[in-house]
Amino acid sequence: MAISRGLLCCQRVLAWIPVLIITLVVLWSYYAYVVELCVFTIQNGLEKAAYLVIFHLFFVLFVWTYCKAIFTEPAQPSRKFQLSRADRERYEREESPEVQKQILLDAAKRLPVYTRTASGAIRYCDRCHLIKPDRCHHCSICETCVLKMDHHCPWVNNCIGFSNYKFFLLFLGYSMLYSLFVAATVLQYFIMFWTGGLPDGPAKFHVLFLLFVAVMFFLSLMFLLNYHCWLVSLNRSTLEAFSAPVFQHGPDKNGFNLGVWKNLEQVFGSQKKYWLLPVFTSVGDGQSFPMKSQSESHNPLLSNDEQWGEGDSDVDYYAATSGNTSVTVEMER
């Protein structure tokens, strides 16, 4: 037991190494740009002032969004998705698979769950002891179920999901702009150092490597941001891009696609003035989502007189058109 706790502690400490690397690179880039380039290299006062103002604007937005992506806790399902203590004890004591299925079926009747496992079963987490909401997945690193989980990012040491996906996108965008601005403004002085237009000194080393690092980060972030913009335009998560969500009628990679504009609003909110600020504005509660297909807008577990109450969700759902109420229940590991 002591060894396991020691290994877990070491794992948690080591998980912060990528964040530490990014932090050190950013701090060095700040010193190299502000001190070595602007203070010691640039002679034109107006140019120096303009560079410092714009640089600090991008730097603050970059650091702000990065911190929000790191320290925003992943949203977890509410208690209504958990098995009650009595149901859990009864489920664990029960030896009959059919009775266990019925226990989970009864527990799922009043929940807004429409997605299934690949085999068509109800998505149940036997580690968190809850029925998974749509688009929710269990993260083995965070050891919890995360609402609208996208992926676990080692560079922020956090799960990216419903609560911080907007912050992650803004972090990618502002860090890319930060890298682009640094590379564009350093380039002329890189050429001057390289061709002997400026005397050798400590600033030369910093300027040369600053351009290299800025270009490298810009190219990496550009491809990553473009990929996530594509996902947002289709209202998909990274997990859903690799494995399409399964509905009652089968897998549908466009099951949550509402159109580009509404897809953007799902992540950034309806008020455009807040889109570029790292404040939470995403639509809904992360536990239920509007869907493209009307046939998936009602819980097939419910009969016509046991439909999930409208007051339990912030999202409006369409009328159901599917009459098939057959359900398979099994645990998803």
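One can find the structure itself at the top, above this paragraph.
These figures come from a predicted structure and were not determined experimentally.

Enquirer: Hey, could you go over the overall build of the protein chain for me, with residue numbers and the actual values?
Expert: Of the regular secondary structure elements, the protein chain holds 9 helices and 9 strands. The long-range share in the protein chain, meaning contacts at least 24 apart out of those at least 6 apart in sequence, stands at 67%. About 17500 Å² of surface is accessible on the protein chain, with carbon and sulfur atoms providing 62% of the total.

Enquirer: Which residues make up the pattern of salt bridges, and what are the values?
Expert: When the charged atoms of two side chains lie near each other, side chains of opposite charge can form a pair. Within the structure shown, the criterion is met by 6 salt bridges. Its salt-bridge partner being arginine 85, residue glutamate 89 comes within 3.3 Å of it at the nearest N-O pair. In this pair, glutamate 89 and arginine 85 are both assigned in helix α4 (residues 85-93), 4 residues apart and thus about one turn of the helix distant. The partner of aspartate 252 in a salt bridge is lysine 292, with the nearest N and O atoms 3.8 Å apart. Of the two residues, aspartate 252 is situated in the loop between β8 (250-251) and α9 (260-268) and lysine 292 in the loop between α9 and β9 (328-331); the sequence distance between them amounts to 40 residues. When its relative accessible area of 14% is taken as the criterion, aspartate 252 is described as buried. Classification of lysine 292 as partly exposed rests on a relative accessible area of 44%.

Enquirer: An account of empty space enclosed by the protein is requested, with residue identities and associated values reported.
Expert: Rolled over the atoms, a probe with the dimensions of a water molecule shows which regions are left empty. Going through the model one piece at a time under the given rule, you end up with 2 cavities of 30 Å³ or more. The volume enclosed by the largest cavity comes to roughly 90 Å³. Around the largest cavity sit 13 residues that line it, and Lys148, Gly161, Phe162, Tyr165 and Val267 are the ones nearest its centre. Elements represented by at least two residues in the lining of the largest cavity include exactly α7 (202-234) and α9. Each residue belonging to the lining of the largest cavity can be placed in one class, and the counts come to 5 nonpolar, 5 polar and 3 charged. By volume, the second largest cavity is sized at about 30 Å³. Every residue lining the second largest cavity is listed: Val113, Thr115, Arg116, Ile122, Arg123, Ile131 and Lys132. The class makeup of the residues in the lining of the second largest cavity is 3 nonpolar, 1 polar and 3 charged.

Enquirer: Provide a residue-level description of the nonpolar core, including the pertinent values.
Expert: Core analysis: the biggest nonpolar cluster contains 50 residues, and Tyr33, Phe55, Tyr165, Val182 and Val186 have the highest contact counts within it. The leading source of residues in this core is helix α6 (residues 165-195), at 15 residues. Setting aside its immediate chain neighbours within four residues, valine 182 contacts Tyr33, Phe55, Leu210 and Ala214. Core analysis: the next-biggest nonpolar cluster, separate from the first, contains 18 residues, Ile103, Val113, Tyr124 and Cys136 among them.

Enquirer: An account of a nonpolar patch on the surface is requested, with residue identities and associated values reported.
Expert: A grouping of Leu14, Ile17, Ile21 and Trp155 is seen on the molecular surface, where their side chains present a nonpolar patch of about 390 Å² in accessible area. Mapped onto the secondary structure, isoleucine 17 falls in helix α2 (residues 17-39). A relative accessible area of 39% means that isoleucine 17 is categorised as partly exposed.

Enquirer: Talk me through the pairing of strand β1 (residues 121-125); I want residue IDs and the actual numbers.
Expert: Taken residue by residue, a regular strand's side chains alternate between the two faces of the sheet. Across the 5 residues that make up β1, a large majority, 5, are buried. As paired strands, β1 and strand β2 (residues 130-131) are joined by 2 bridges and run antiparallel to one another. By the bridge assignment, cysteine 125 is partnered in β2 with leucine 130. As consecutive antiparallel partners, β1 and β2 are separated by 4 residues, and within that stretch histidine 129 has a phi angle of approximately 60°, a positive value.

Enquirer: Which residues make up the packing of α2 against α6, and what values go with them?
Expert: Orientation of α2 relative to α6, taken along the N-to-C sense of each, is 35°, at an axis distance of 12 Å. Every pair of crossing elements has a handedness; the one defined by α2 and α6 is left-handed. Contacts between α2 and α6 pair Val26, Ser29, Tyr30, Tyr33 and Leu37 from the former with Tyr178, Phe181, Val182, Thr185, Val186 and Tyr189 from the latter. Residue composition of the contact of α2 with α6, by class: 9 nonpolar, 2 polar and no charged.

Enquirer: Any details on the environment of threonine 115? Residues and values, ideally.
Expert: Assignment of secondary structure puts threonine 115 in the loop between α5 (97-108) and β1. Judged by relative accessible area, threonine 115 falls into the buried class, the value being 7%. C-alpha of threonine 115 to C-alpha of proline 251: the two residues are 136 residues apart in sequence and 9.1 Å apart in space.

Enquirer: Explain the packing of aromatic side chains to me, and be specific about the residues and the numbers.
Expert: By the definition in use, this model includes 23 aromatic pairs. Plain terms: the ring middles of tyrosine 227 and tryptophan 230 are 6.0 Å apart, the flat faces sit at 35° to each other, and that makes the pair tilted. In this pair, tyrosine 227 and tryptophan 230 both sit in helix α7, 3 residues apart, roughly one turn of the helix. A centroid spacing of 5.4 Å and a plane angle of 55° characterise the contact between phenylalanine 247 and phenylalanine 256, whose relative ring orientation is tilted. Chaining the aromatic ring pairs together yields one cluster made of Tyr30, Tyr33, Tyr51, Phe55, Phe58, Phe59, Phe62, Tyr66, Phe168, Phe171, Tyr178 and Phe181. The ring of phenylalanine 289 has arginine 135 lying over it, and the distance from NZ or CZ to the ring centre is 5.0 Å.

The rules behind each value
Residues numbered from 1 in each chain as written. Predicted model: local features only at pLDDT ≥ 70, side-chain atom pairs only at ≥ 80, totals over all residues. Heavy atoms only, no water. Helix = DSSP H or I, 4+ residues; strand = E, 2+ residues; numbered from the N terminus. Contact = heavy atoms within 4.5 Å. Areas by Shrake-Rupley, 256 points an atom, 1.4 Å probe, with all protein chains shown as cover. Salt bridge = Lys/Arg side-chain N within 4 Å of Asp/Glu carboxyl O. Buried < 20%, exposed > 50% of the residue type's maximum accessible area, 1.4 Å probe, protein only. 1 Å grid on protein atoms, 1.4 Å probe; cavity = no way out; pocket = protein on both sides within 12 Å on 5 of 7 lines; lining within 4 Å. Points joined across faces, edges and corners; volume = space filled by probe spheres on them. Nonpolar A, V, L, I, M, F, W, Y, C, P; charged D, E, K, R; others polar. Core = buried A, V, L, I, M, F, W, Y, C linked by side-chain atoms within 4.5 Å. Patch = residues over 30% accessible without salt bridge, like charges linked within 9 Å, V, L, I, M, F, W, Y side chains within 5 Å. Pairing = 2+ DSSP bridges. Axes fitted to C-alpha atoms, helices over the stretch in contact; angles between N-to-C directions. Left-handed = near helix turned anticlockwise from the far one by under 90°. Phe/Tyr/Trp six-rings, centres within 6.5 Å; stacked < 30°, edge-to-face > 60°. Lys NZ or Arg CZ within 6 Å of the ring centre and 35° of its normal.

Taken by themselves, the reported measurements are silent on function.
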